[in-house]
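Survey of secondary and tertiary structure
Okay, here's what each chain looks like letter by letter:
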Amino acid sequence: MVPSGQVAEKVASKEPGPGREPRSWRCLVLFLCFYGFMAQMRPGESFITPYLLGPDKNFTREQVTNEVIPVLSYSYLVVLVPVFLLTDYLRYKPVLVLQGLSYVSVWLLLLLGHSVLHMQLMEVCYSVTMAARIAYSSYIFSLVHPARYQRMASYSRTAVLLGVFTSSVLGQLLVTVGRMSFSMLNYISLAFLNFSLVLALFLRRPKRSLFFNRSAPARGASPSELDQMHPAPDQPVRGKLGRALGACRDSFLAHMLWELVGSARRPQLRLWSLWWVSNSAGYYLIVYYVHVLWNEVCPTASSTQVYNGAADAASTLLGAITSFAAGFVNIRWALWSKVVIASILAVQAGLVFLMTSTQDIWLCYAAFVLFRGAYQFLVPIATFQIASSLSKELCALVFGVNTFLATILKTTITLIVSDKRGLGLPVRCQFLIYCVYFLVLSVIYFLGAGLDGLRHCQRDRHQPLPLAQELRSPSEEKPVRLPSVEQGLGGLQPSAPPLPLEDSAEDGLGTLGPGAKA
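Residues numbered from 1 in each chain as written. Predicted model: local features only at pLDDT ≥ 70, side-chain atom pairs only at ≥ 80, totals over all residues. Heavy atoms only, no water.

- Taking an unreviewed UniProt entry as the reference, the protein chain is identified by name as Reduced folate transporter belonging to Marmota monax.
- Taken verbatim from the UniProt record of the protein chain, the Sequence similarities (unreviewed entry) comment is "Belongs to the reduced folate carrier (RFC) transporter (TC 2.A.48) family." (UniProt positions renumbered as here; feature names shortened; annotations may be inferred.)

Section: the overall build of the protein chain
- Across its full length, the protein chain holds 19 helices and zero strands.
- Relative to its full complement of 518 residues, the protein chain shows a buried share of 56%.
- Carbon and sulfur atoms make up 66% of the accessible area of the protein chain, which totals about 22,400 Å². (Helix = DSSP H or I, 4+ residues; strand = E, 2+ residues; numbered from the N terminus. Buried < 20%, exposed > 50% of the residue type's maximum accessible area, 1.4 Å probe, protein only. Areas by Shrake-Rupley, 256 points an atom, 1.4 Å probe, with all protein chains shown as cover.)

Here's the deal with the packing of helix α15 (residues 333-357) against helix α16 (residues 361-387)
- Here α15 crosses α16 at 160 degrees, and the two axes come no closer than 9 Å. Judged by the angle between their axes, α15 and α16 are roughly antiparallel. α16 is crossed by α15, and the crossing has left-handed handedness. Contact with α15, carried on its side by Trp333, Val340, Ile341, Ile344, Gln348, Leu351, Val352, Leu354 and Met355, involves Leu363, Cys364, Ala367, Phe368, Leu370, Phe371, Ala374, Tyr375, Phe377, Leu378, Ile381 and Gln385 of α16 and no other residues of that element.
- In terms of residue class, the contact of α15 with α16 is built from 19 nonpolar, two polar and no charged. (Axes fitted to C-alpha atoms, helices over the stretch in contact; angles between N-to-C directions. Parallel < 35°, antiparallel > 145°, perpendicular 65-115°, else oblique. Left-handed = near helix turned anticlockwise from the far one by under 90°. Contact = heavy atoms within 4.5 Å. Nonpolar A, V, L, I, M, F, W, Y, C, P; charged D, E, K, R; others polar.)

Some remarks on the packing of helix α4 (residues 61-90) against helix α13 (residues 267-297)
- Running from N to C, α4 and α13 cross one another at 170 degrees; their axes reach a closest spacing of 10 Å. Relative to α13, the element α4 lies roughly antiparallel. Taking contact as the criterion, the partners of Arg61, Val64, Thr65, Ile69, Pro70, Leu72 and Ser73 in α4 are, on α13, Tyr288, Tyr289, Val292, Asn295 and Glu296.
- Of the residues that constitute the contact of α4 with α13, the class distribution is seven nonpolar, three polar and two charged.

A look at helix α5 (residues 93-112)
- The end-to-end C-alpha separation of α5 is 29 Å, in line with the 28 Å expected for 20 residues at 1.5 Å each.
- Of all 20 residues that make up α5, 14 are buried, and the element is covered over most of its length. (Expected span 1.5 Å × (residues − 1).)

Here's the deal with unusual backbone geometry
- The phi dihedral of Tyr92 falls on the positive side, at around 75 degrees, and the residue is not glycine.
- By the element assignment, Tyr92 lies in the loop between α4 and α5.
- Positive phi is not limited to glycine here, since Arg179 has a value of about 50 degrees.
- Here Arg179 is to be found in the loop between α8 (149-176) and α9 (182-201).
- By relative accessible area, Arg179 is classed as exposed at 63%.

Thoughts on the pattern of salt bridges
- This model, assessed by the stated rule, comprises four salt bridges.
- For Glu67, the salt bridge is made with Lys420, and the minimal N-O distance between the two is 3.7 Å. With Glu67 in helix α4 and Lys420 in the loop between α17 (392-418) and α18 (427-459), this pair connects stretches of sequence that are 353 residues apart.
- Assessed through its relative accessible area of 22%, Glu67 is described here as partly exposed. (Salt bridge = Lys/Arg side-chain N within 4 Å of Asp/Glu carboxyl O.)

Digging into the packing of aromatic side chains
- Counted according to the given criterion, the structure contains 18 aromatic pairs.
- Note on Tyr103 and Tyr126: the rings are 5.9 Å apart at their centroids and 70 degrees apart in plane angle, and the pair reads as edge-to-face. Of this pair, Tyr103 sits in helix α5 while Tyr126 is found in helix α6 (residues 116-131), placing the two residues 23 residues apart along the sequence.
- Assessed through its relative accessible area of 3%, Tyr103 is described here as buried.
- Ring centres of Trp272 and Trp275 lie 6.2 Å apart, and the angle between their planes is 70 degrees; on these two criteria the pair is classed as edge-to-face. A residue pair is termed a helical-turn pair when its members lie 3 or 4 positions apart in one helix, as Trp272 and Trp275 do in helix α13 at three residues.
- Each residue in the set Trp272, Trp275, Trp276, Tyr283, Tyr284, Tyr288, Phe371, Tyr375, Tyr437 and Phe438 is aromatic and connected to the rest through ring pairs, giving one cluster. (Phe/Tyr/Trp six-rings, centres within 6.5 Å; stacked < 30°, edge-to-face > 60°.)

Some remarks on α9
- For α9, spanning 20 residues, the distance from its first C-alpha to its last is 29 Å, which sits close to the expected 28 Å at 1.5 Å a residue.
- Three or more residues of α9 are buried, namely Phe182, Ser183, Leu185, Asn186, Ser189, Leu190, Leu193, Ser196, Leu197, Leu199 and Ala200.

This is the structure:
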């Protein structure tokens, strides 16, 4: 029976519509940010590689480099799409609980496992935690009004980065000052993760999501952009086959895919999406293997002489600073995008070569900190440039496709270069190949920038670019939907600013153990 009168009003008041927010949203946001902070408290993560290569586990460098770490790329590619779909279908909270259980499983395997197979299973569990980051990135937007999205994105991002920084500093202090063993550090990490799992159990479960739980808009709420562009047909279609085809044609996801095909014609969208795919693949390969390189540059059994936590903390801080500074860069991106990208890629190639050739661990640390800062400088710029070209709902799909393509590229390179079934190269040779990779990308972008400059001069030196083609600097943009990383398949809340999966919650931080938090 359909409720009517006062009964209907009571039922409607229990479920806030898309444009409403629960009265207790401030407490919910505060609790979610606290959960995001505590979920990053893994002080042992920066020291997993020396732990595996040391007397506690006694794995060889070849086993860690060519047998254990490659599993992370393979398993992440497999679980990425299913976890995204489950995140939407189950409405966030169950996936956050799954992430907490996976983290606990990771550290139990680290502490209790003794074989290569155990460590490979550990990487599989860690890939689930990486894919599940999108649940946290999207969850916060289900709690607040759309007018608060930008501020809420800032709060959640700050909480996560502060947690990563605090975790790295705490781990370094416990090792250097407290002279704590790596094994005890992992037990402390396990205790923190159990606490964060308990916090996840008390999170509120939202009622709506993007694909599987789309209810009718509440009274007074406006329909989504794609609902307006593609209204439902007025005339019903007869027949089972006709109804099935009509449902597929008029489905929300089909509309998004159709709009994405049309959006792909935009040059700036293609340019920054190509950068996202190619550069993030190389970036995460560096992050996965840099701790193995540090162990080769400075092989020591003394925990007090390992400063991986300090390097991770410094890179987190510099990444946050460069991400913030990128918002104040004021140039004509339609004209200078390729030059900026090519210059950053050239710097990254030089820093990777420095890490490959140096025998000084401090110089290797510094090169990695600068490398990560250079990458994080372009992430918010790419985010704004892509988001400003799209409708709200399409942002999630574009960043999801970009992340998936980057994962395929990263997995392919891993299979060829790192896996023992491929070339099985040692870590220094791998970094030399990654250096060439960034150098080739830089040359390609410089050539593209040169060709664009010639076309621009031939067209008209004094005529400015058409306003419709000019994408402004992030500092000049109106508050846009910030995609969530890192940095997955985009944000899940309707009309919410989706966040890039791998950079969404941790800026790509937290690649485990053999691939440490970076």
